[in-house]
Structure formats: structure tokens, C-alpha cells
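Listed here are the chains, written in short residue letters.
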Amino acid sequence: MSDITERLTVAIADRYKIESHLGQGGMATVYLAHDVKHDRKVALKVLRPELAAVIGAERFLQEIKVTANLQHPNILALYDSGEADTFLYYVMPYIEGESLRDKLEREKQLAIEDAIEITRGVAAALDYAHRQGVIHRDIKPENILLHDGRPVVADFGIALAVSAAAGGRMTETGLSLGTPHYMSPEQATAEKDITNRSDVYSLGCVLYEMLAGDPPYTGSTAQAIVAKVITEKAAPVTAIRDTVPPHVAAVVQKALSKLPADRFSTAATLAEALVRPSLLDADRLSVTVSAGEPSRQRMPRAVWLLAAALVVMTAVTGWALLRSPELPVVRLTIGIPQEQQRILYGGINLTPPRVALTPDGSSLIYVGVEENYTGVAVSGSRTLSVRSQLWFRPLDELEARPMPGTQNGWAPEVSPDGEEFVFTVFGEGQAQVKIAAFSGGPPLTVAASGVGSSASWGTDGHVYFVDESGVGVRRVPLGGGPVEVVTTLAPFPDGARLMWPHVLPGARGAIATVGTQAQSRLASHELHAIDFASGTSTPLVVGVYGIYSPSGHIVYVTADGVLMAVPFDVDGLRTTGRPTALVQGVDYRNNGASDITISSTGTLIYATEGLNAPEIAVWVDRTGRVEPVDPGWAGELEFEGLALSPDGSRLAVELVAGGRGDIWIKQLDRGPLSRLSFEGTDNRTPAWSPDGLSVLYLSLVEEGGWELLMRRSDGSGEAERLPSPQGRVREAVWTPDGTSLVAAVSGPTGDDVLLLRLDTESSWTAILDGADDEYQPAVSPDGRWLAYVSEESGQPEVYVRPFPNTAGGKWQISTSGGLEPLWSADGRELYYRTFGGSTVWAASMTGGPAGAVRRELFSIPDGVYENNPRNKLHALTPDGRRFIMINQTGEGDLSGDLVFVQNFFAELKEKTAR
């Protein structure tokens, strides 16, 4: 349990008992709680700390009273509200049904009659509330619950209460009232007078999505969506789904009008028009629609000027900063050539911190691509699409230059005197800390082993880092020498560890991220102050990454990508004020790393959000010919694991959304998609039972780490918990006879392969536990051989041993790198992939592993095919004719921009003084 949750639990214990964490939305964290007084389940919603810090308790509780008076069958009632230990909360009934968002994720597009009925129910709620003078301001599928088939609107008036309580300071939270996909043009342009027709527009967006499968406007960023909302006309819904009746399409078109005066005057009128076409203008019903691109709509000059101003402001200020400080501030994007000099981005999981400024703010060090390097590197458990190198860019010049000797370098930090810099090298299965001088010369390795984090520069002639245990802080002299123990903290709950430390002035402590990390995904996160003398760790704020600013603040990034600042006392190692939101849209990776750096002269550089490449599941035949698994299965999908059923009729796949992974079952060929996992906070790595009746997967339980669960593939019944081994389970698979499980597990000494005999044993035993990492086990169909990946040669290669007696021999199958071994159904061939994921090799096993004959099966140079050393992302049909793989449409993940802010201290002072 996090410190935040524990404090909340204690503060409200006399009224509510928190039972579980249900989720997190744009404004609040939601818990399932027990109402002690009334003996009932309730949904307890706690406003985000940065929001509560801005609006204050008294005004919020006063404004939310308006919501308490709303009584309607289609409105979720407000039971209670209050303040406890600085937390602002409100309480609503707990609805055991699903949200409209859940239904849309499962069904994609709804039956037309169902979409109409849901819209009419929501419209009834809106019409009632509008007549009471209350506007929802945040209508979206997540806020529409389905209870016994009846839509119930949640969080009614909460956005209004927050807006009224915050007054003109709402932008300080880094949040907008409304979700970009469903935001009316007047909300998008920050008009003060929002009428009931704004909710009518949002309801039109929801109806559009129920019919078309996507909202009317989509984009890779919130800013891009907002720009389309203001300037473009949505494609007619009939261009996407021609079975939509003309009068329903006309209702959608009228509801989505740019000008409020052109929409329905009331939500009730919209609802009636869905069943009475005569209410619509004849010219609307006769509109000819086509499947062309959305067209731009003629708009009044004042609206265009306002739209243009918003787009410019978005590009320059990060969308959230709507006031300029009294002192001049310069903010601009740093242009970096996108070829050889480009900044390196390894996707949402893998990229460590990448930027550092010299103390005078004149020059930037960043992580780029190794000079003249075009290949792919895999180092230990860290896989990068290309190899890194540090680059030096004076900000008064247009070109950067590579820094010799910094290959594989990450997380640079410059010394206080600006003469040297420290960086961390990830390679050869371990991390190393190195120091180099700007004046030249080869880097000096000061810590060659035992390094478990990036390194940070102290003012006492040492550099500091976290050891591999995740709770020990170590330091080493600048000139090299023995590594010294600074302090070892008590173990954190749930296996959490210290990450990304930054030593504070005076070197008596540091700030660091404390989080539970599972398969490169940060499942929990807080920023702590580490006291070196006492060996204690004190929670400060909820954040994924933070640094100390010479202005006397901790500047940090939240899991929502908001850059925050909180006053901080270096001597007392404590915060001295409330957090303030500065900018939204700041990049951070799932491992908690972010890119923010501040010079002592007040220059700030941060990175905007990166972009994951669009992903689609494809069939690839043995000649390399590609076709989509299902052309209709598209959208912003993120695949992290897959497995074909033994008969090839179904695909178990892990899809990631909002930082959470879940297991889904896709019916082949081109059948429906249904969700299988609902447990925990994350679910990963599916594997079919030999009979095809069940799916095995990993589930991250908030309090207990990863568990092995098995559920029937048709979704019936409860998930069954299987014995879990010690350590962090990476994946588990069945033996062909169904009597045993084989798992790859990460422990203190590395990755090992373990065996559990379900019919005779209750505990796991190691069958591969060498000094080098071994993972991705695959048992041959006849149960005689075990294929796996080992890094004993210095890079991942595929090996085969006898099974289960793995000591009976060993044969190396791949010769130039290999991952994801995969047996054919008859055991006559063993397949594996090379690092880029596009080349598949086949090894003939008819003569046994000793006589394996390798050949390149196919290579697809024009596409980027996702692979991962800890997840299987390709599978083979039972007839051996086709593979299923994940195509990233040839783009790969893209880094965001680097934003330069001059005179940041002036801006920081002005904002934190409010």
C-alpha cells in the first residue's frame, strides 16, 4: 500500500473502509470502499493532489452541493463529500455493471438501436440537469455507466464544481475540463460562458463513436485533437457505417455543429429527433455523404483567429500555460537533425534519461545514435533499436558533435564546475559508471559492477548511484577507487526499489523515484527524499521522476505527463508548500525515466511526449508475404505478448491501454475480440494449455507482486491461482503433456529457468541457473528438448538442451544473435528471430540438435516488426505455413521534441507564489 493510500485509509477510517483500487481518471482516483455507517459498497473518488492543492477544500465542498441536489434515474447520485488529511473526496453509489467505455472496448461498434437507447437515456439526464442550471462539461464513455442495461451518468457537475472552486487558477493543474475527443469547440477555445449546448455536442461525439467505432476527431496528441475540433468538420458517420439511418446521421451532424446556435437547443430535442425524423430540417436529411477526408468548415473570422491563436499557443507553451510571468521568458523547440544527430528514443519502456545542461546553460548533452552505427544492439536485459552515444550541442550552434568514448551511454549529468560529466553505460550484461572531461581524453570507469541505476554528481568529490539491490546507495571518488557504502534502506513494500537518484546540494541526501517495476513498466511511483545519515526514505509527492532546481524547488513529472514544482528545504529534506502544475504533455517512459534538466542560470529543457508506432497484427507466410490478421482490427493498439491456440482458431494477446495490460481472446479468422483478464493492475504473457481450454497468464496484484493465473479461454468461471516461484516471473509455459510448467524468473543473480511438476510437486526447482541470463523457454512437442535464450556468449543466442535433464548436453542453434525460439507442431523445425524482429530463421531438428541445419526463412526489410527479449511476439500456425507477428507500420517509436525555456526561474517564482 502506498503512503498516500495508507494516509487516506487512516483519515477516513471512521466513515469508510477502502477495499480496493478501481482506477484513475483525469481528475480523481477511484476506490471501492465500504460505507461503515450504512453497510453498503460505495465508489470513493479522491481528487488528484495537484488539483486539490489548487482549489482548496472550503470552496470545493461548497460548489459540490449543487450536484448533491440532482435526483434523476439516469444520474448517479452523490452520497457524501468531505476533506481528510488534505484529501478532497466525494462518494457515489458503486455500480457493479460496466461503463460504456468497457462495452465499446469489447464490441467496438454498437447495434444502432442500442446506441440510440443509450443516447436517449443520457440525454434525459442532461435535460434534467440543464433545467436545474447544471452543465456536466465532461460527457464521455467513461462517465456513462450501464446498470441493468440503463445508462447512468456519473460525476455529474464535478467538473463544474472543480472549475468554480479553482476559479481562474484551473490552468495551474495542467488539466483541462473536458476530454479532447469529446470537447466542444467553445471548451477547446477556453470560452468562459459554457452553455448546455456544449453537453449536446459532447453527447453527439459519444453517439458518433457508438456508431462508427471511433470519436469524430482522433490524433496522436491532445493538441492535435483540439486543433481538429476547432478547424475541421467531422467525416459523416455514414461514410464509415452506411447502415446508419439518414435521420440518425443528421442528428449526429447537427449535434456536432461548430457554432452552438446551430446545434439542438436542448438534449431533450436531440433525443426526440432520434425517433421522430420529422423534427429535422429536410435539407439535413438529404445531405449526400461520402467517405472522403474531413473537410474544413467555413467559420467566422473571429473564431478562426481564436483557433489560430490557440494552435500557436499550444506549440509554444505546452497548452497549459495561459498566463505569462512578469519577467520575460523565452520558450522554443530545439531543432535537432533527424538523421545522424537525432535524439535516441527506445520506446515507452526502455529509454533512460537523455539530457543534461552545463551549469551556465550554454550547452546541451543528449543521448543520440552512435556515430555511423546502423545495426541493432542488445545488452543484458536492455534492448535498444540502435546503439546510443552522447552528443554535445552548444546552443549557439546548429550542429551537434559526438562525444568520443561514450558509446552505450545514457543519463548524463554535468559536474557543478562544468568541467566534467558522468554517465552510465549499459552493456555486457551490467551497468557501469564513467566520468569524462569536456577538455578531452578517454572516459574513466569508476564503477564497473554492482550498479543498479543512473549516477549523480555530488558536491563532495564523489558520484553516487543505487546498487543492484535497489535499496543501497553507494558512492565512488571522482578519480576512481573503492566503492563506498553510503546507506542501505529498509526494504520497500511490494519489492519497490530506488530509481533515478539525484544528489542534493551538500550531498547529505538525494531525491529518487521509489517504484515497483515489472517488466519495464512502473506500476507504482513516488518521489522520496533519502537521508544519507539516518538511512531513511521519506515520501514527498506522487511522481515518476524529479530533480532539484537551484530555485529551491523539486521539479518533477507525474504519471499524467504534468511537470510540477513544489518548494523544498534541502536542510530539512522536506517540502515546504503545495505542488504547482507548470506544463502538461511532458514525456516519461514506463520505467519512470523522464527528460528534464535545469541549469544554475535558470534554463530548463524538457521533452514532449513520444509517439508509439501504430501496431497491427499480421500474417506472414514462409516467403515473407504479409497480410493483416483482420483489416477491421485497427486503432491505437499496443501489443506486448501473444500466443496461438493449439488448433490455431484463437489468438490470446496482451493489449496495453493507459499503462495497463490485459489478456484478450481474438477469434480467427476475423472474428470478435473479448477480454479475458480483469484481475490486478496489469496482466501479461498469455500461454495456452495443451488442450486449448485455458489460458495461463501473469497478473500483478497491488499488494503481492506477480501471480500465475489460469482462466478458461471462454471467460467462464473464476481465475485459478497456480503456485508462483520466488522472484519476478517473466513468463510461464506448459509442457506438451500438461503435467508441468516451465517459467523464466528474474532473481538477485539474474534470469533463470524453473520447473514445476503439477502432478507430484508443489514447489519450483531450477533447471537452468547459470551465471548468465537464461529466458524464453520453449519445450519441444515430444517433451524431449528445451529451447531457450542465453547470453553466455555476450549476446542473446538460442540454445537447446535435453528436457527435463538439462545437464545432459547443450547445443547452440543460432550463430549471430537469436530470440523467441518457437517449435513447429511436429517438432521437426525450430524457429527464432534476429534482433530487429524482421528476419526469421529455421533450424532443421530432424537429426537432433547436434545436427541442426540453419537457414534464413525470410526477411522483411521494409517493415519494423516488434520483438522483445522478455515477451514472445510471434507465433506459428499448427500447419507451419504462417506466422503471426506485430507490424509497427515501418515507422518505429518516435521521440517528442526538446523544448528550451529561458529564464525558467522567473516563471517558476511567479507561478509558485500564487
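Above this note sits the structure.
**Section: the overall build of the protein**
Line of reasoning, step 1. Looking only at helices and strands, the protein features 16 helices and 58 strands.
Line of reasoning, step 2. For the protein, the proportion of its 914 residues judged to be buried stands at 58%.
Line of reasoning, step 3. Here the contacts in the protein between residues at least 6 apart in sequence split such that 52% fall between residues at least 24 apart.
Line of reasoning, step 4. Only carbon and sulfur atoms are counted for the fraction: they give 49% of the accessible area of the protein, which is about 35,800 Å².

**Comments concerning the sheet that holds strand β36 (residues 639-644)**
Line of reasoning, step 1. Spatially, the four strands line up as an open sheet ordered β36-β37-β38-β39, and their pairing is antiparallel. Every other strand in the sheet has two partners, leaving β36 and β39 (673-675) as the edge strands with one partner each. Neighbour-to-neighbour, the strand axes of the sheet open up by a mean angle of 25°, direction not taken into account.
Line of reasoning, step 2. The pairing of strand β38 (residues 660-667) with β39 spans three bridges and is classified as antiparallel. Its bridge partner being in β39, I665 is matched across the sheet by S674.

**Some remarks on the packing of helix α9 (residues 196-212) against helix α11 (residues 246-255)**
Line of reasoning, step 1. One way to put it is that α9 packs onto α11 with a least axis distance of 8 Å and a crossing angle of 140°. In terms of orientation, α9 and α11 fall into the oblique class. Our pair here, α9 against α11, has a crossing hand that is left-handed. Touching V200, Y201, G204, L207, Y208 and L211 of α9 are V248, V252 and A255, all from α11.
Line of reasoning, step 2. Of the residues contributing to the contact of α9 with α11, the split by class is eight nonpolar, one polar and no charged.

**Digging into the nonpolar core**
Line of reasoning, step 1. Grouped together as the largest cluster of nonpolar side chains are 57 residues, with contacts concentrated most on L100, F156, Y208, M210, L211, F264 and L270.
Line of reasoning, step 2. Among the elements of the structure, α5 (100-107), α6 (112-131), β7 (144-147), α9, α10 (222-231), α11 and α12 (267-273) are those that each provide at least two residues to this core.
Line of reasoning, step 3. For M210, the residues in contact, after removing those within four places along its chain, are L100, L104, Q109, L110, A115, I118, T119 and R241.

**A word on the pattern of salt bridges**
Line of reasoning, step 1. With the rule as written, the count across this model stands at 40 salt bridges.
Line of reasoning, step 2. Residue D35 is joined to R40 by a salt bridge in which the shortest nitrogen-to-oxygen separation is 3.1 Å.
Line of reasoning, step 3. Linked through salt bridges whose partners overlap, the residues forming this network are E98, K103, R106 and E107.

**Some details on the sheet that holds strand β57 (residues 882-887)**
Line of reasoning, step 1. Taken together, four strands build an open sheet; the order of strands is β35-β34-β57-β56 and the sheet is antiparallel. The strands lining the two open edges of the sheet, one partner per strand, are β35 (626-628) and β56 (874-876). Adjacent strand axes in the sheet meet at a mean angle of 30° when their direction is disregarded.
Line of reasoning, step 2. Sheet topology note: the strand β34 (residues 616-621)/β57 ladder contains six bridges and is antiparallel. The residue of β57 that forms the bridge with I616 is N887.

**Notes on α11**
Line of reasoning, step 1. Counting buried residues in α11 gives eight out of 10 residues, a clear majority hidden from the surface.
Line of reasoning, step 2. Those residues of α11 that sit buried are H247, V248, A249, A250, V251, V252, K254 and A255.

**Structural notes on the environment of I334**
Line of reasoning, step 1. Checked against the element boundaries, I334 lands in strand β9 (residues 330-334).
Line of reasoning, step 2. On a C-alpha basis, the gap between I334 and A607 in space is 10.0 Å, while along the polypeptide they are 273 residues apart.
Line of reasoning, step 3. When near neighbours in sequence (up to four residues on either side) are disregarded, I334 contacts L364, R393, L395, I605, L898 and F900.

**A few points about the packing of α5 against α9**
Line of reasoning, step 1. As a packed pair, α5 and α9 sit with axes 10 Å apart at the nearest point and diverge in direction by 25°. Classified by the angle their axes make, α5 and α9 are roughly parallel. Where α5 crosses over α9, the handedness of that crossing is left-handed. Note on element contacts: α9 touches α5 through V206, E209 and M210, opposite L100, R101 and L104.
Line of reasoning, step 2. Partitioned by chemical class, the residues of the contact of α5 with α9 number four nonpolar, no polar and two charged.

About the cut-offs
- Residues numbered from 1 in each chain as written.
- Predicted model: local features only at pLDDT ≥ 70, side-chain atom pairs only at ≥ 80, totals over all residues.
- Heavy atoms only, no water.
- Helix = DSSP H or I, 4+ residues; strand = E, 2+ residues; numbered from the N terminus.
- Buried < 20%, exposed > 50% of the residue type's maximum accessible area, 1.4 Å probe, protein only.
- Contact = heavy atoms within 4.5 Å.
- Areas by Shrake-Rupley, 256 points an atom, 1.4 Å probe, with all protein chains shown as cover.
- Pairing = 2+ DSSP bridges.
- Axes fitted to C-alpha atoms, helices over the stretch in contact; angles between N-to-C directions.
- Parallel < 35°, antiparallel > 145°, perpendicular 65-115°, else oblique.
- Left-handed = near helix turned anticlockwise from the far one by under 90°.
- Nonpolar A, V, L, I, M, F, W, Y, C, P; charged D, E, K, R; others polar.
- Core = buried A, V, L, I, M, F, W, Y, C linked by side-chain atoms within 4.5 Å.
- Salt bridge = Lys/Arg side-chain N within 4 Å of Asp/Glu carboxyl O.

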